Amino acid sequence: MDILIFIISMAALIYGADFVINQSEKIAVHFNISSFVIGATLVAVGTSLPEMAVSMSASAKGSADIAVANVIGSTIFNISLVLGLVFLLAKKVQPKRDLFAKDSAWSLFPILVFILMGIDGKLSMIDGILFLFLMGAYLLFLIDSNSMDEIDEDLLKEEFNWSKTALLLIVGFIFVIIGANFAIESATSIARSFGISEWIIGLFLVAFGTSLPELMISVKSAINNNTDLAIGNIIGSNVANFTMVLGLSSIINPLNVDFNSYFFDISAAFVLSLMLVFITANKLYNKSAGIALLIVLGLVIQNSLV
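Reading the values: the criteria
Residues numbered from 1 in each chain as written. Predicted model: local features only at pLDDT ≥ 70, side-chain atom pairs only at ≥ 80, totals over all residues. Heavy atoms only, no water. Helix = DSSP H or I, 4+ residues; strand = E, 2+ residues; numbered from the N terminus. Rg over C-alpha atoms; globule rule 2.2 N^0.38 Å. Contact = heavy atoms within 4.5 Å. Areas by Shrake-Rupley, 256 points an atom, 1.4 Å probe, with all protein chains shown as cover. Core = buried A, V, L, I, M, F, W, Y, C linked by side-chain atoms within 4.5 Å. Buried < 20%, exposed > 50% of the residue type's maximum accessible area, 1.4 Å probe, protein only. Polar contact = N/O pair within 3.5 Å; in protein donor to acceptor, adjacent residues only side chain to side chain. Phe/Tyr/Trp six-rings, centres within 6.5 Å; stacked < 30°, edge-to-face > 60°. Axes fitted to C-alpha atoms, helices over the stretch in contact; angles between N-to-C directions. Parallel < 35°, antiparallel > 145°, perpendicular 65-115°, else oblique. Left-handed = near helix turned anticlockwise from the far one by under 90°. Expected span 1.5 Å × (residues − 1). Bend = angle between axes of the 7 residues up to and from the residue. Nonpolar A, V, L, I, M, F, W, Y, C, P; charged D, E, K, R; others polar.

Asks: Please give an account of the overall build of the protein chain that cites residues and values.
Replies: Scanning the protein chain for helices and strands turns up 12 helices and two strands. The order of α-helices and β-strands along the protein chain, N terminus first, is α-α-α-α-α-α-β-α-α-α-α-β-α-α. In terms of overall size, the protein chain behaves like a compact globule, its C-alpha atoms giving a radius of gyration of 18 Å where 306 residues would be expected to give roughly 19 Å. Oriented by its inertia axes, the alpha-carbon framework of the protein chain measures out at about 50 × 45 × 35 Å. Taking the contacts inside the protein chain whose residues are at least 6 apart along the sequence as the reference set, 87% of them involve residues at least 24 apart. Of the accessible surface of the protein chain, which amounts to about 13,200 Å², a share of 67% is contributed by carbon and sulfur atoms.

Spelled out as structure tokens, the structure:
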């Protein structure tokens, strides 16, 4: 029964996030924001709603391992699986934006701040507030760097209806919140019944489930050759995961971070963030880079489950 509840809960999370994502994109386009900035802000925040809801719920229930593992696992999946598939499925990846000069540092800042804050073994309320300030800084940076030349003119022709958009946003948020509550309950129960640690459940089962919105949106964007939105979604989601998700979760309840026990998984997230910087620096937007990222994912799964 717990497994069935978990599947239904994750479906609610995904569909709820999908409503929020689609309507957020329409709002962003209505105000003439570029594809990359749309992906890195409203779409990224939208696809991070499942992680946010699950981790905040886990924090409130005292399941710190699930709250933190969800963010670490989502970062791993976003870069290795999602970005890897983007490179493999897109006909040609040629971002209009200079990702290395403008955005690559933001794939490293949040995880470096996380390591510095958590080195004492705990993320406190003060740490959470500082995380939120970092998210604010990221949003200001994106607004300042928005280029009107990057906007897809075809998207501007779509009909915009405030009433419909607001209704679907509310429905989406309700689905996400309710789905998160049941997902954390069932995931914790599954972990205990199989004797599996909550960290592993959060790192893989929950993190993969909450990363599905990023996967669907980015892969769909890649197939449609809108790689700016796809990559912006990945970078923005990772920033939102560390800043908003961990920030709000640690404000609700201080989170314990066991670096000794989970050194490999945290290191894997950091190494993948470095790989993203390396890829953007050398403009390795090709299928070889996608295969390399998927290989790293395989190694992470193998080592974490042994």
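Next comes the rest of the write-up.
Asks: Run through the nonpolar core, naming residues and quoting values.
Replies: Grouped burial of nonpolar side chains is what soluble globular proteins tend to show. Residues Ile72, Ile76, Phe114 and Leu246 are the most contacted members of the largest nonpolar core, which totals 93 residues. For Phe114, the residues in contact, after removing those within four places along its chain, are Val68, Ile72, Leu123, Phe131, Phe242, Leu246, Val257, Phe259 and Ile266.

Asks: Talk me through the side chain of Ser48; I want residue IDs and the actual numbers.
Replies: Assignment of secondary structure puts Ser48 in the loop between α2 (35-47) and α3 (49-60). On the basis of relative accessibility, which here comes to 0%, the residue Ser48 falls in the buried class. At 3.5 Å, the side chain of Ser48 forms a polar contact with the backbone oxygen of Ser237. Dropping the residues within four chain positions of it, Ser48 is found in contact with Glu214, Ser237, Ala240, Asn241 and Val245.

Asks: Describe the packing of aromatic side chains, naming the residues involved and giving the relevant values.
Replies: Following the criterion strictly, the structure yields 10 aromatic pairs and no others. Geometrically, the ring pair formed by Phe87 and Tyr285 is tilted, given 6.2 Å between the ring centres and 45° between the ring planes. Note that Phe87 is positioned in helix α4 (residues 64-89) and Tyr285 in the loop between α11 (263-282) and α12 (287-305), a separation of 198 residues in sequence. Side by side, Phe87 and Tyr285 carry an identical accessibility label, which is buried. With a centroid separation of 5.8 Å and an interplanar angle of 35°, the aromatic rings of Trp106 and Phe141 are classed as tilted. Here Phe141 lies in helix α7 (residues 125-145) and Trp106 lies in the loop between α5 (99-102) and α6 (109-118), a separation of 35 residues in the sequence. Residue class for Trp106 comes out buried when judged on its relative accessible area of 11%. Taken together, the aromatic side chains of Trp106, Phe109, Tyr138 and Phe141 make up a single cluster linked through ring pairs.

Asks: For the packing of helix α1 (residues 2-30) against α2, give the residues involved together with the corresponding values.
Replies: The geometry of α1 relative to α2 is characterised by a closest axis approach of 8 Å and an angle of 155° between their N-to-C directions. By the criterion of interaxial angle, the relationship of α1 to α2 is roughly antiparallel. With respect to the hand of their crossing, α1 and α2 are arranged in right-handed fashion. Where α1 approaches α2, its residues Ala17, Val20, Ile21, Ser24, Glu25, Ala28 and Val29 are matched on the opposing element by Ile38, Leu42, Val43, Gly46 and Thr47.

Asks: Lay out helix α9 (residues 198-223) with the relevant residues and their values.
Replies: The end-to-end C-alpha distance of α9 is 35 Å, a good match for the 38 Å that 26 residues give at a rise of 1.5 Å each. Most pronounced at Phe208, the bend in α9 amounts to some 40°. With 20 of its 26 residues buried, α9 lies for the most part within the structure. Asn225, located one to two residues past α9, shows a positive phi value of around 65°.

Asks: Can you lay out the packing of α9 against helix α10 (residues 227-252) for me, pointing to particular residues and giving the numbers?
Replies: Following both chains from N to C, one finds α9 and α10 inclined at 155°, their axes separated by 7 Å at the closest point. Between α9 and α10, the crossing angle belongs to the class labelled roughly antiparallel. Crossing handedness for the pair α9 and α10: left-handed. Contacts between α9 and α10 pair Glu214, Ile217, Ser218, Ser221 and Ala222 from the former with Thr227, Leu229, Ala230, Asn233, Ile234 and Ser237 from the latter. By residue class, the composition of the contact of α9 with α10 is five nonpolar, five polar and one charged.

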